[in-house]
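These are the residues of each chain, in order.
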Amino acid sequence: MASNDVHLHNDIIDTFCWEKVSVRVKDKTQDKRLLESIDGAAYAGELVAMMGPSGSGKSTLLNVLAHRPFEPKFSVEGQLCINRAAASTAIFRRASCFVEQEDSLIGSLTARETLDFAAKLGLPNSVSRAERKRRVEELLASFGLLRVADTIIGTAIRKGLSGGEKRRVSVASQLITCPKILFLDEPTSGLDSVASFEVMSFLKEVAKKNRIIVIASIHQPSTATFNLFDKVFLLSQGKLCYGGPVSFLSSYLEDIRLPMPLHMNPAEYILELVNVDFASDQIRAEQLIRITRLWQNPATRPRQAQVVDVSFDSSARPVSLMPLTKRSQLLVPVTLLHRNWIKSYRDVLTYGIRIAMYLGLALMMGTVWLRLQSGQEYIQPFINAIFFGSAFMSFMAVAYVPAYLEDRSTFIKERANGLYGATSFLVANFIIGLPWLFLISVLFSIIAYWLCNFRPDASAFFTFVMWLFLDLVAAESLVVFMASIFPVFVIALALTAFANGLWMSVGGFLVNPTVLNVFWKYWARYIDFQSYVFQGMMVNEFSQRVFECSAAPSGSQADCSCMYPSHLQDQCQIDGGAILDSYGYGRGNTRLWVGILLCIVLGYRLLTLGVLMLKKT
Ligand SMILES: Nc1ncnc2c1ncn2[C@@H]1O[C@H](COP(=O)(O)OP(=O)(O)OP(=O)(O)O)[C@@H](O)[C@H]1O
């Protein structure tokens, strides 16, 4: 789209217009026009409705107007102007906000915290703390949210605000940065007619008081809600059928001999007029062609439809407009970290359930491998327990997929509104996981390590904790990477499980590294984080341990189906070092392995950053 930016400081946007907006989607399976040459304009203080039957192109038009990113298969044409000058994406990002159909609110925050974090992320540094608080309270009051300001939004297991209240919080949180244009995709979806009216009348008031242009797609408003709008754009099959003041609609319909019936909801009537999805008769289809032709033809299009009367309430005190200066890029990750911290300890689904799961696994492991002894027959159980403690713990990191996908979806929406970028998101995401994963590692080890009777030595215990912690950090980084490439729950879950399965298979336990198939031996093992953890834990346990044959019950050697070589089973005393030699694990490599593990973690995180920078939706 166009260059030649207008200069926005504290300027009011008086006019926002769009000309000849067309969208086409073309790929191997389809070539379809979604929007055809749509023109329109909106003025400061107006509440504008985008209406039309399902699939008519309302959301697509809204996305174009808001400069939202489109997938490459879409081709978008047209011109968007602010104050009659062409405007770039950067100007739009700074001047507008987009409220999605689905709320991207964080369920464990309260309404007040949600607005406060939106202010911290969106407002420039020059805004003082007191001013920020004042704006939050002002918006809570103007959206009728003071009564529920300290109630949480609501999570899957904890009820919070009602649907209407959530929508109001969504809208209020976007208004905190004083956008000059506010786009809303179906702001009333899922609300009853009373709640819909309530939300739209708040928006109308805010638009008038602050001279904001509010453009909302809406499905089927009640008569009262419809009458709140200043303007309506009616779409059908990607074409414009009417675009002008709501007050002029009825006389226009009379002019084209389709008068609005008395006592009928006008929104319902116009939607019926242009809906041919379920019409079996030819008459309806021809009627739609006639309506669109009349509108498309400048000769027959009524001049009044484009005349807009904006009446402002000059007595109302407007919310002050903020200068559009830059925010500190250092403060953003800190704010995200603070928000993630509140979420992680309040929302049991984020880490609470995982902590409980790992404690259960620790108890299970500790009781299955209960008090292993120093007899030779315990060598294999020790190795099995180490494998379980490294590989299976890493596998269970798949439980993080849903929480990460939720965070990613919030990030995608907030990034589209220009709040912060992928680096801030990933830094905050990484740091917030560390204390929780450390806590899990310590709690798991306290239970499992002593119950299993691993080497009773403080330094061995803390080394075990360190390996487990690194294992979980790497496993979580793998989850983050996979779920960023494929942000669909089932696919992310399946692929992470697959990757973990592969790392388990080539990690050294299931096939001794000395006999591993060459196809895997020379690459997979080296990037397999589980193999370094397994090696590390093995060295930690076996390098200073001796297994006695005397401790074994008689005849146990014959029953022993061990992985370690048979010549070792004949000896009366087995040094743990010999077990390590049989696996080809050298001692003294701990630092190297820790370094490699950290590089693997960094690698996953950097790859994720690349994915998030490239994937905008
Ligand atoms: N990614 C896509 N690929 C192909 N067609 C698409 C894509 N996205 C939307 N469309 C098509 O574009 C048309 C307009 O869709 P859009 O979502 O804008 O309609 P809408 O009026 O907002 O519908 P609804 O009210 O049901 O949300 C529809 O026919 C839809 O099938």
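Below: a short report on this structure. None of these values were measured; they are calculated from a predicted model.

Attention now moves to the pairing of strand S4 (residues 74–82). With 8 bridges connecting them, strand S1 (residues 15–26) and S4 associate as antiparallel partners. Counterpart to Val23 in the pairing with S4 is Val76. Alignment of S4 against strand S5 (residues 85–86), held across 2 bridges, turns out to be antiparallel. Pairing of Cys81 across the sheet is with Ala86, part of S5. Counting the residues in the hairpin turn of S4 and S5 gives 2 residues, including Asn83, whose phi is positive at 45°.

Turning our eyes to something else, we now look at the site of the ligand. Among the 16 residues in the neighbourhood of the ligand, the closest are listed as Ser54, Gly55, Lys58, Ser59 and Thr60. One of the backbone nitrogen or oxygen atoms of Ser56 is found 3.2 Å away from an oxygen atom of the ligand. At 2.7 Å, a side-chain N or O of Ser59 approaches an oxygen atom of the ligand. Protein chains bury 69% of the 640 Å² of accessible surface belonging to the ligand in isolation. Broken down by element, the residue count for the shell around the ligand peaks at 3 residues, all from helix H1 (residues 58–65). Taken together, the residues of the shell around the ligand sort by class into 4 nonpolar, 8 polar and 4 charged.

If charged atoms from side chains of opposite charge come close, those side chains can pair. The final tally for this structure, using the stated rule, is 25 salt bridges. Close ionic contact of Asp14 with Arg211 constitutes a salt bridge, the shortest N to O distance being 3.4 Å. Of this pair, Asp14 sits in the segment before S1 while Arg211 sits in the loop between helix H6 (193–210) and strand S8 (213–217); the two residues are 197 residues apart in sequence, bridging distant segments of the chain. Overall, the relative accessible area of 29% leaves Arg211 in the partly exposed class. Residues Asp457 and Arg455 are paired through a salt bridge, measuring 4.0 Å at the closest nitrogen-oxygen approach. Overall, Asp457 belongs to the partly exposed group, its relative accessible area being 30%.

The rules behind the values
- Residues numbered from 1 in each chain as written.
- Predicted model: local features only at pLDDT ≥ 70, side-chain atom pairs only at ≥ 80, totals over all residues.
- Heavy atoms only, no water.
- Pairing = 2+ DSSP bridges.
- Helix = DSSP H or I, 4+ residues; strand = E, 2+ residues; numbered from the N terminus.
- Near = heavy atom within 4 Å.
- Polar contact = N/O pair within 3.5 Å; in protein donor to acceptor, adjacent residues only side chain to side chain.
- Areas by Shrake-Rupley, 256 points an atom, 1.4 Å probe, with all protein chains shown as cover.
- Nonpolar A, V, L, I, M, F, W, Y, C, P; charged D, E, K, R; others polar.
- Salt bridge = Lys/Arg side-chain N within 4 Å of Asp/Glu carboxyl O.
- Buried < 20%, exposed > 50% of the residue type's maximum accessible area, 1.4 Å probe, protein only.

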